[in-house]
Amino acid sequence: MLGKKRVECGAFRRQGHFVEVIQLLISGVSQGCVYGLIALGFVLIYKATEMVNFAQGDIMMIGAFIAFTFINLLGWPFVWGFLAALAVMALLGAVTERLLLRPMIGEPHFAVLMLTIGLGFVLRTVAGERWGSEPKTLDLPWGSAVWRFGEVTVGGDDLAVVGGTLALCALLYLFFRFTRLGIAMQAASQNQLAAFYVGIPVKRVFGLVWALAAVLAACAGVLAPGGVIDPNIGFIGIKAFAAAIVGGLGSLPGAILGGLLVGLSEQFAGRYLWPGFSDVSAYVLLLAMLMIRPEGLFAAMQQKKV
């Protein structure tokens, strides 16, 4: 009798551990998708211009606040408010490239790096003055919806961010594979001079790349699990940059994979390792990748053709 109870107790513990692992996987994938979407912006800008935009996380934050303005403050339906926010962010990205980054062409990379870091500080200050420093919550259509599959719980925000990321990845693939603009962007990223000689407006393409990166960042801000935003959420852009390096700074699929790895490492480190390690797990993963495979998981840094 005692042996039977021990067997039942062991089976119960194993089932509980399995459910816990599944929940951590769900949370890690949803958070990793947010990192991946921001990392896509890093990769797009770097591939096209060889610049690193350290304000990408703060652009995500601004996009979330603009969506908050349309949806929460102005009372627009979610779809229209979301689309309006994306349009505003596309314009903001293009204007930022035209006014701030284009004059920096030819300048040392360190100068561009410092410019984007300063831009991030400016965006955080503007957000704090305009929307305040208290956390805000977006009115999302999936709200606090929860689905249960046996003992496993899946939140509506988790499904939204994973589904949204899959949809955006599919759209990006179709865009770069079948549209003239997408092909032009790829050509400009390979060889700017050759692209210019065949009639591609390289500078205009750069502006569109920044617009696309801003749109992806805004999607990440709106789809982030929980929908809670404040001026400091842009700091997750640092973890997204780590994800881009882990996946390979020249690889779009690598950006998503790197984001997933960072998200999963945070969740499992927070549960099974010592307290506080989850906050630095992304950087530990980054250091390990730099020591083992500096080019990232996807070595897509193709040689420039001449």
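Residues numbered from 1 in each chain as written. Predicted model: local features only at pLDDT ≥ 70, side-chain atom pairs only at ≥ 80, totals over all residues. Heavy atoms only, no water.

(A) Examining the overall build of the chain more closely. Across its full length, the chain holds 11 helices and 4 strands. For 306 residues, the compact-globule estimate of 2.2 N^0.38 gives 19 Å, and the chain sits close to it at 21 Å. If one aligns the C-alpha atoms of the chain with their principal axes, the spans along those axes are about 85 × 50 × 35 Å. The proportion of buried residues among the 306 residues of the chain is 46%. A fraction of 76% describes how many contacts in the chain between residues 6 or more apart in sequence connect residues 24 or more apart. Per element, the accessible surface of the chain, about 15700 Å² overall, is 69% carbon and sulfur. Side-chain charges in the chain split into 21 positive and 16 negative, and the spacing between the mean points of these groups amounts to 8 Å. (Helix = DSSP H or I, 4+ residues; strand = E, 2+ residues; numbered from the N terminus. Rg over C-alpha atoms; globule rule 2.2 N^0.38 Å. Buried < 20%, exposed > 50% of the residue type's maximum accessible area, 1.4 Å probe, protein only. Contact = heavy atoms within 4.5 Å. Areas by Shrake-Rupley, 256 points an atom, 1.4 Å probe, with all protein chains shown as cover. Lys, Arg positive; Asp, Glu negative; His and termini not counted. Charge placed at Lys NZ, Arg CZ, Asp CG, Glu CD.)

(B) Region of the structure containing the packing of helix α2 (residues 56-73) against helix α8 (residues 202-223). Orientation of α2 relative to α8, taken along the N-to-C sense of each, is 65°, at an axis distance of 7 Å. Remark: the crossing between α2 and α8 carries right-handed chirality. Along its contact with α2, which presents Q56, I59, M60, G63, A64 and A67, the element α8 presents A213, A214, A217, A218, A220, G221 and V222. Its residues assigned to classes, the contact of α2 with α8 comprises 10 nonpolar, 3 polar and no charged. (Axes fitted to C-alpha atoms, helices over the stretch in contact; angles between N-to-C directions. Left-handed = near helix turned anticlockwise from the far one by under 90°. Nonpolar A, V, L, I, M, F, W, Y, C, P; charged D, E, K, R; others polar.)

(C) Main features of the pattern of salt bridges. In total, this model carries 5 salt bridges according to the counting rule given. A salt bridge links E295 to R293, with the shortest nitrogen-to-oxygen separation between them at 3.5 Å. Here R293 falls in the partly exposed class, since its relative accessible area comes to 32%. (Salt bridge = Lys/Arg side-chain N within 4 Å of Asp/Glu carboxyl O.)

(D) Representation of α2. With 18 residues, α2 extends 25 Å between its outermost C-alpha atoms, agreeing within 8% with the 26 Å of an ideal straight helix rising 1.5 Å per residue. Across the 18 residues of α2, 16 count as buried, placing the element largely inside the fold. (Expected span 1.5 Å × (residues − 1).)

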